[in-house]
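# Summary of the model geometry
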Amino acid sequence: QVQLVESGGGLVQPGGSLKLSCAASGAIFGLNAMGWFRQAPEKEREFVTGISAGGSITDSASMKGRFTISRDNAKNTVYLQMNSLKPEDTAVYYCALRKYRSIGFTVAEYDYWGQGTQVTVSS
């Protein structure tokens, strides 16, 4: 069974930084693409960024270069470094695992999901 557990969310002031982690178990982590999505209240879940099994990265245009995804295959963990945070970044952030090596860009293209971690950007 594949399990994904996000951590690192919390309250941060505008302009601040936060680093999220997602630990995977029950899968050969290095063979799979990983993605980060976010969902604000009453909004659809949207793609934030993804990283392929080979380490290539694709960002959503809405990120404006402020977020950086990375992975540590030895630790079975993917990270999301979030900088210059804005109130509109407030959402539940989810990590997801895709059973293929290449990045997917929609919810339907991912096979396993974490429980989400809340990020609130407010002064």
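Preceding this section is the structure that the text describes.
The present account deals with the structure reproduced in this document. Bear in mind the structure is a predicted one, so any value in this text is a computation, not a measurement. (Residues numbered from 1 in each chain as written. Predicted model: local features only at pLDDT ≥ 70, side-chain atom pairs only at ≥ 80, totals over all residues. Heavy atoms only, no water.)

## Structural notes on the environment of Cys 22
Checked against the element boundaries, Cys 22 lands in strand 3 (residues 18–25). Cys 22 gets classed as buried once you look at its relative accessible area, which sits at 0%. The contact partners of Cys 22, leaving out residues within four places of it in the chain, are Leu 4, Val 5, Glu 6, Met 34, Trp 36, Asn 76, Thr 77, Val 78 and Cys 95. (Helix = DSSP H or I, 4+ residues; strand = E, 2+ residues; numbered from the N terminus. Buried < 20%, exposed > 50% of the residue type's maximum accessible area, 1.4 Å probe, protein only. Contact = heavy atoms within 4.5 Å.)

## Here's the deal with the environment of Ala 96
Tracing the sequence through the fold places Ala 96 in strand 9 (residues 91–98). On a C-alpha basis, the gap between Ala 96 and Ala 24 in space is 9.5 Å, while along the polypeptide they are 72 residues apart. Setting aside chain neighbours within four positions, we find Ala 96 in contact with Leu 4, Ala 33, Met 34, Gly 35, Phe 37, Tyr 110, Tyr 112 and Trp 113.

## Brief notes about the nonpolar core
Trp 36 and Tyr 93 are the most contacted members of the largest nonpolar core, which totals 25 residues. Breaking this core down by element, the ones donating at least two residues are strand 3, strand 4 (33–39), strand 5 (46–51), strand 7 (67–72), strand 8 (77–82), strand 9 and strand 11 (117–121). Contact partners of Tyr 93, with chain neighbours within four places excluded, come to Glu 6, Leu 20, Trp 36, Phe 37, Arg 38, Val 48, Phe 67, Leu 80, Met 82, Gly 116, Thr 117 and Val 119. Residues Phe 37, Phe 47, Ala 96 and Ile 103 belong to the second largest nonpolar core, which totals 5 residues. (Core = buried A, V, L, I, M, F, W, Y, C linked by side-chain atoms within 4.5 Å.)

## What about the sheet that holds strand 1 (residues 3–7)?
The sheet built from 4 strands is open, its strands ordered 1-3-8-7 with antiparallel pairing. The two strands at the open ends of the sheet, each matched to only one other strand, are strand 1 and strand 7. Put simply, the sheet's adjacent strands are angled 15° from each other on average, direction ignored. Pairing geometry for strand 1 and strand 3, over 5 bridges, is antiparallel. Each residue of the ladder has a partner; that of Leu 4, found in strand 3, is Ala 24. (Pairing = 2+ DSSP bridges. Axes fitted to C-alpha atoms, helices over the stretch in contact; angles between N-to-C directions.)

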